[in-house]
Amino acid sequence: MLKLFKKDKENKEEIQLDFDNIPKHIAIIMDGNGRWAKQRKLPRSMGHKAGVETIRRILKEADRLGVKYITLYAFSTENWKRPKDEVDALMKLLVQYLTNEVEGLHQNGVILRILGDINALPGAVKEKICEAIDLTKNNKGIVLNVAFNYGGRNEIVRAIKNIVSDVESGNVNEENIDENLISNYLYTKDSPDPDLIIRPSGEQRISNFLLWQCAYSEFWYSNVNWPDFSESDLQKAIYDYQNRDRRFGGV
Ligand code: IPE
Ligand code: IPE
Ligand code: MG
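A short tour of the structure in this document, coming up. If you're wondering where the values come from, they're calculated on a predicted model, not measured in any experiment.

Right, let's talk about the site of ligand 2 for a bit. Close to ligand 2 lie Ile-29, Met-30, Asp-31, Tyr-73, Ala-74, Phe-75, Ser-76, Asn-79, Arg-82, Arg-199, Arg-205 and Ser-207. Within the side chain of Arg-199, one N or O atom sits 3.3 Å away from an oxygen atom of ligand 2. In isolation ligand 2 offers 390 Å² of accessible surface; the protein chains occlude 78% of this area. When atom positions are compared with the pocket grids, ligand 2 is found to occupy the largest pocket. In terms of residue count, the dominant contributor to the shell around ligand 2 is strand β4 (residues 69-76) (four residues). Looking at the shell around ligand 2 residue by residue, the class counts come to five nonpolar, three polar and four charged.

This is the structure:
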């Protein structure tokens, strides 16, 4: 068993990660960008910009630790309720992120996927997304799922509609509808369920994220806002995860 020994600066605890028990899939609700900006008397958009820097660091660290799938909640189906300026800034930031990062992601073998309804996004955003997905689809490295215009309930409604339509056209036999089939109609069909869901910023709610998939996920919360979320916070989350007893309903 490989072990990582690390001094944690704040409480001087030693973190020993078990490299044989790294969560295969980590999902993160990237929250607290607005509060981070407010604390610094900056516009909220600066918080979102700072949050992109965190993505860079955390993706690299997750990959280094051996995580195979990382899902980042970037824009929910409810986030359209925000002022138009902020929504526009978030769209622009995604385009910028893809423009600046896709080549680097590709070089590092990252497979980029989007979870959510991209057809409802502005044309330029959709175009960038499709380019990035296409460029990285045959890579062999970590899978980066970006949940954008994603909502868990919306995902389930969409799945039901598609199943009904496939039953009607005779492609699916009603008797074959089971949990596995439903999973295959979700945006996450090519990823395993998340082992660990992380939410920074002090909020302890799911906010319509991966409702079906989180059935047996472990949850980890932190008071740190996403722009300040560090590699050592990720390690702490994994360390906690490794010290839990996942029973899946058994004894
Ligand atoms: C998360 O940060 C980013 C998105 C939801 C797009 P927030 O913008 O929700 O930040 P807070 O919760 O207001 O601090
Ligand atoms: C959840 O954060 C969505 C994303 C991080 C993209 P929100 O900030 O939108 O969630 P609520 O409104 O606090 O539940
Ligand atoms: Mg928030």
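Let us look at the nonpolar core. Residues Ile-28, Ile-70, Leu-144, Ile-198 and Leu-234 are the most contacted members of the largest nonpolar core, which totals 46 residues. No other element matches helix α3 (residues 84-107), which puts nine residues into this core. Leave out the neighbours within four places in its chain, and Leu-234 touches Ile-26, Ile-58, Glu-61, Ala-62, Leu-65, Ile-198 and Phe-229. Formed by eleven residues, the second largest nonpolar core is a distinct cluster that contains Tyr-73, Leu-115, Tyr-150 and Leu-210.

Counted as a void, the largest pocket has a volume near 650 Å³. Considering the residues around the largest pocket, the lining is formed by 31 residues, among which Met-30, Tyr-73, Ala-74, Phe-75 and Asn-79 are closest to the centre. Elements that contribute at least two residues to the lining of the largest pocket include exactly α1 (33-39), α2 (44-65), β4, α3 and β6 (143-150). In the lining of the largest pocket, the residues fall into 16 nonpolar, eight polar and seven charged. For the second largest pocket, the calculated volume is near 270 Å³. Lining the second largest pocket we find 18 residues, and of these Ile-114, Leu-186, Tyr-187, Lys-189 and Asp-190 sit closest to its centre. Sorting the residues of the lining of the second largest pocket by element identifies β5 (111-115) and α5 (152-168) as the ones contributing at least two each. With four residues, β5 is the largest single contributor of residues to the lining of the second largest pocket. Of the residues that constitute the lining of the second largest pocket, the class distribution is eight nonpolar, six polar and four charged.

With 17 residues, α5 ought to run about 24 Å at 1.5 Å a step, and its terminal C-alpha atoms sit 24 Å apart, in line with that. Those residues of α5 that sit buried are Gly-152, Glu-155, Ala-159 and Ile-163. In an axial view of α5, the angular spread of the buried residues amounts to 70 degrees, which keeps them on one side of the axis. The outward face of α5, more than 90 degrees from its buried face, is lined by the exposed residues Arg-153, Lys-161 and Glu-168. Summarising the contacts, the buried residues of α5 are in contact with β6 and α6 (179-183). Gly-170 occupies a position one or two residues after α5 and carries a positive phi of about 85 degrees.

Another point: the sheet that holds β5. Pairing within the open sheet is parallel, and its six strands lie in the order β5-β6-β4-β3-β7-β8. One side of each edge strand has no neighbouring strand; the edge strands of this open sheet are β5 and β8 (218-221). For this sheet, the mean inter-axis angle between neighbouring strands, taken without regard to orientation, is 20 degrees. Two elements, strand β3 (residues 25-29) and β4, share five bridges in a ladder whose sense is parallel. Bridging from a neighbouring strand, Ala-27 pairs with Thr-71 of β4. On top of the sheet, α2 reaches β3, β4 and β6; it is set at about 160 degrees to β4, its chief contact. Here α3 sits on the sheet and contacts β4, β5 and β6; the angle it forms with β6, its principal contact strand, is near 165 degrees.

About the cut-offs
Residues numbered from 1 in each chain as written. Chains lettered and ligands numbered in written order. Predicted model: local features only at pLDDT ≥ 70, side-chain atom pairs only at ≥ 80, totals over all residues. Heavy atoms only, no water. Near = heavy atom within 4 Å. Polar contact = N/O pair within 3.5 Å; in protein donor to acceptor, adjacent residues only side chain to side chain. Areas by Shrake-Rupley, 256 points an atom, 1.4 Å probe, with all protein chains shown as cover. 1 Å grid on protein atoms, 1.4 Å probe; cavity = no way out; pocket = protein on both sides within 12 Å on 5 of 7 lines; lining within 4 Å. Sits in = over half its atoms within 2 Å of the grid points. Helix = DSSP H or I, 4+ residues; strand = E, 2+ residues; numbered from the N terminus. Nonpolar A, V, L, I, M, F, W, Y, C, P; charged D, E, K, R; others polar. Core = buried A, V, L, I, M, F, W, Y, C linked by side-chain atoms within 4.5 Å. Buried < 20%, exposed > 50% of the residue type's maximum accessible area, 1.4 Å probe, protein only. Contact = heavy atoms within 4.5 Å. Points joined across faces, edges and corners; volume = space filled by probe spheres on them. Expected span 1.5 Å × (residues − 1). Arc of directions from axis to C-beta. Pairing = 2+ DSSP bridges. Axes fitted to C-alpha atoms, helices over the stretch in contact; angles between N-to-C directions.

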